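Summary of the model geometry
Listed here are the chains, written in short residue letters.
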Amino acid sequence: MTERAHAAHAEGETGVWSGSWVAERLGVELAGDEALTGLLGLALRRNPKRAHLLVSNVLGKHVPQSPSVVYGHGVALGRRVRELLGAEAAEGAVVLGYAETATGLGHSVADGLGSAPYLHSTRRAVAGVARAGGFEESHSHATSHLLLPQDPALLAGDGPLVLVDDEFSTGNTVLNTIRALHERYPRKRYVVVALVDMRSPADAGRLDAFAGEIGARVDLVTTASGTVRLPPGVLEKGQELVARYETPPVDPATEPTTGATTERTTEARTERTPEHTTGATSEPASGPTGGSPGAASPGSVERVELRWPHDVPDGGRHGFTAADRDRLERALPGMAARIADALPARARRVLVLGFEELMYAPLRLAQALEQAVGGDVDVRYSTTTRSPVLAVDDPGYAIRTRLVFPAHDDPADGPGERYAYNVAGAGFDAVIAVVDSAADTPALHAPDGLAARLAAHVPHVLLAVVPSYVPHASPAPQAPERPPMLPEPLRGPAFSSYAPDEVGWLLQDLSDVTLEAPTEEREEAIQSGGAHYAESLPVEYQPSEQYQELFHAALESSAARLARAVGAVTEVVLTERSPRPVLVSLARAGTPVGVLMRRWARFRHGLDLPHYAVSIVRGRGIDANALRWLADHHDPADVVFVDGWTGKGAITRELAAALRDFEVSDGVTGFDPEIAVLADPGSCVRTYGTRDDFLIPSACLNSTVSGLISRTVLRADLVGPHDFHGAKFYRELAGADLSPAFLDAVSARFPDVTESVDAHVKELLSADRTPTWEGWAAVERISEEYGIHDVNLVKPGVGETTRVMLRRVPWKVLARAGAGADLDHVRLLAEQRGVPLEEVADLPYTCVGLIHPQYTRGATGADGKAVTL
């Protein structure tokens, strides 16, 4: 189809561009290639992170389109990549697509490239498949991506990596991906592919700069380019429009239909009531029904047997090879013929509807069906989606109708709404809904499920189920060779200033190794990708007399508050997790909290709980040898991981992913990834003492309030495959040690807070403590607002901000307007280091520390103090 034809499709019969409604009301402009308005329309997101949505007319996600057009765009991009790389380099390339929107596009690019294997990221965790990597998509409604190749070697080669997304808007997702993968699997060349390049001028140079930092070549291949011009206040205006035009929920007491409705809003409908199209009552499909061609009655749902080849994966979730492609190509004509035979005789307009990440299989089935029926039937293709978008029934708006139904594949992130756009009211005589077998659940066939929603608006619904591919079972992995017995935990006073019974450290002693490096040198190495933060240690901060006075004042004023939070989180653990838990603190911030929880259990219940400290490293996971030791000595089901506080939740996610990997590698199950924390300001966990963001005095200092132990170290030349992670014991700082004083000051207040703890625990146990991940959302917003574009450089909360000031090169501190004494020590540190402190209204945390972005030692003044960019 020509670009002129694309434009005609985007404008529709009325000749109106499908982005004009949003453009007129928000002042949003598309500037760039003439083809942009043919390729893209505009809609409003129901998402607080971004107001507008670029709606592709050729992707096959939100807008039903000819499958040959959708597939053709992807294949054409793949051929351009092959020309760019040359035949020899293309033979060694691997293609990686992004879930969910670009899974089919990426697969099509791989087809155009030639014999390249294909993998796409996924938001569906799969039991028994180890994670090979992951990354974050900051602007998305569902941010976390997993990489689950059946063969991890797929990502370990040195050939070009081709990354495919539907649009290239800021570059954040691609940079996050390359950064995460390059650390594990460095290579010399990357190619970024997208239908449209919509970067702003400010973002345009970041890709080249990043390529220079990592020492690799990064090319960009797109169909069209331009930019989106956004007026000031566009996010707020977009939210106001969504609130104005959003359809109110249907009251089942007054609505006579089954609930299978299409949701539309129009500017002329001042009451904003939904316009219902009832259709005929559907028969939920409960199993194979057989039937002959044309036997379906209006509103019915029938199954069509595809006979999908048993040895062909349903997509690229675990990898898709050239051999898989050949087997699929041979099977497609027969499967298309079976679909064509099942269509009603008079069907003239048919939609093949894919399912979220399952885009490629439905696309190829639709393309084969289009070829099988010739010009007699208009075949279109689109898929369901997680993406919440406002529907407005206006020819100048890209999303005319919306079907809403519950998730039906038991997603890892829990239940929620799913959507099918531009299906209702589009004149389809039949819909072939293609799902994988993991999604063929009772929820799919429920009265409010997808099948019923479709049947209310389309007279004939066929259900085609593709078997969910499960990677071939391989022999159980051999347990890694290791000494017959791991060493016993280190204990004080030989290692740490804590009493021997307070904590056992599942670490190795690296006290005699020089690991410290100047803060500026560490920061430059970390941000350039030359070193991981866990490979060295910062020089221990030596507090001034004034700072020590602030610590003692903070401890005196907050001891009772801390004791109350310690008591509350311990009681919740004893009630909900285990009557005799094994406390395992995440060294080192979690260790003082673990000691205090142990003391509370002894004070209140006479329990003598085991307590160990283990290492967890962001991007590297938890110490697997420590887990093996714990599994050998305790029931994993009794283990409760303990930390001091949550920030944005990165360690919470790291622990969950690491435990999944450990189950696969060692076959040991039972460890619960739910962390118990003293304070959960980021709303990342269910087990906490408080969600207030307040000063925990143990965060004010480093080793001198943590048993004189350094942060943990993981470096290949020091930590072998049979070793625990390492740490240092700073014996020489014994004269400045405040660790026992801190513990004693808090535990001395236990008798004073007993009654308030009991009342608080009752409230916690009866409350809805489901994590909302508000902290992560706030960090993403701050990262974008301040032009940082890396959530790892945004450290929310009093504790994390203090760490930034003591260990990293700070750029700015954001403080909630009116924050009081909780920030006295942060204000002092900011003054001492020359870091600006900016008061911000409506900050969800008491404060947020920003690490200097794009740091080099030239980014500081001659005195080493931070300067603004």
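Here goes a summary of the coordinates provided.

Here's the deal with the overall build of the chain
If you tally the helices and strands in the chain, you get 23 helices and 34 strands. Here the chain, with 869 residues, has 60% of them falling under the buried criterion. A fraction of 77% describes how many contacts in the chain between residues 6 or more apart in sequence connect residues 24 or more apart. Entry remark: accessible area of the chain is about 33000 Å², with carbon and sulfur atoms responsible for 51%.

Let's talk about the pattern of salt bridges
Scanning all chains against the criterion turns up 37 salt bridges. Taking the shortest distance from any N to any O, the salt bridge between Arg25 and Glu24 comes out at 3.7 Å. Two residues, Arg386 and Glu356, come together in a salt bridge whose shortest N-O distance is 3.4 Å. Separated by 30 residues along the polypeptide, Arg386 in the loop between strand 14 (378-384) and strand 15 (402-406) and Glu356 in the loop between strand 13 (349-355) and helix 12 (360-373) bring together distant segments of the chain.

Some points on the environment of Met198
With respect to the secondary-structure elements, Met198 resides in the loop between strand 9 (189-197) and helix 8 (201-204). Judged by relative accessible area, which is 4%, Met198 ranks as buried. Put simply, Met198 and Val228 are 30 residues apart on the chain and 6.4 Å apart in space, counted from C-alpha to C-alpha. Sequence-distant contacts of Met198, defined by excluding residues within four places in its chain, comprise Leu30, Leu36, Leu40, Leu54, Phe168, Ser169, Gly226, Thr227 and Val228.

Regarding the packing of helix 17 (residues 624-633) against helix 18 (residues 650-666)
Two elements in contact, helix 17 and helix 18, have axes separated by 11 Å at closest approach and are oriented at 70 degrees. With respect to helix 18, the axis of helix 17 lies roughly perpendicular. Crossing angle aside, the handedness with which helix 17 passes helix 18 is right-handed. Only Leu659, Phe662 and Asp666 of helix 18 make contact with helix 17, whose side of the interface consists of Ala624, Leu627 and Arg628. In terms of residue class, the contact of helix 17 with helix 18 is made up of 4 nonpolar, no polar and 2 charged.

Some words on the side chain of His182
Within the secondary structure layout, His182 lies in helix 7 (residues 172-184). Side-chain polar atoms of His182 contact the side chain of Tyr190, separated by 2.7 Å.

Quick look at empty space enclosed by the protein
Overall, the coordinates contain 10 cavities of 30 Å³ or more when judged by the stated rule. Reported here for the largest cavity is a volume of approximately 650 Å³. Where the lining of the largest cavity is concerned, the elements lending two or more residues are strand 27 (639-645), helix 18, strand 31 (794-796) and helix 22 (798-807). Ranked by residues supplied to the lining of the largest cavity, first place goes to helix 22 with 4 residues. Class assignment of the residues belonging to the lining of the largest cavity gives a composition of 13 nonpolar, 6 polar and 11 charged.

Let's talk about the sheet that holds strand 18 (residues 460-466)
An order of 12-18-17-13-14 is seen for the 5 strands of this open sheet, with the pairing classed as parallel. Each of the sheet's edge strands pairs with one partner strand only, and the pair in question is strand 12 (300-303) and strand 14. Averaged over all adjacent pairs, the angle separating strand axes in this sheet is 25 degrees, with direction ignored. Inspection of the sheet shows strand 13 paired to strand 14 by 7 bridges, in the parallel sense. Residue pairing across strands places Val350 opposite Val379, the latter belonging to strand 14.

Procedures and definitions
Residues numbered from 1 in each chain as written. Predicted model: local features only at pLDDT ≥ 70, side-chain atom pairs only at ≥ 80, totals over all residues. Heavy atoms only, no water. Helix = DSSP H or I, 4+ residues; strand = E, 2+ residues; numbered from the N terminus. Buried < 20%, exposed > 50% of the residue type's maximum accessible area, 1.4 Å probe, protein only. Contact = heavy atoms within 4.5 Å. Areas by Shrake-Rupley, 256 points an atom, 1.4 Å probe, with all protein chains shown as cover. Salt bridge = Lys/Arg side-chain N within 4 Å of Asp/Glu carboxyl O. Axes fitted to C-alpha atoms, helices over the stretch in contact; angles between N-to-C directions. Parallel < 35°, antiparallel > 145°, perpendicular 65-115°, else oblique. Left-handed = near helix turned anticlockwise from the far one by under 90°. Nonpolar A, V, L, I, M, F, W, Y, C, P; charged D, E, K, R; others polar. Polar contact = N/O pair within 3.5 Å; in protein donor to acceptor, adjacent residues only side chain to side chain. 1 Å grid on protein atoms, 1.4 Å probe; cavity = no way out; pocket = protein on both sides within 12 Å on 5 of 7 lines; lining within 4 Å. Points joined across faces, edges and corners; volume = space filled by probe spheres on them. Pairing = 2+ DSSP bridges.

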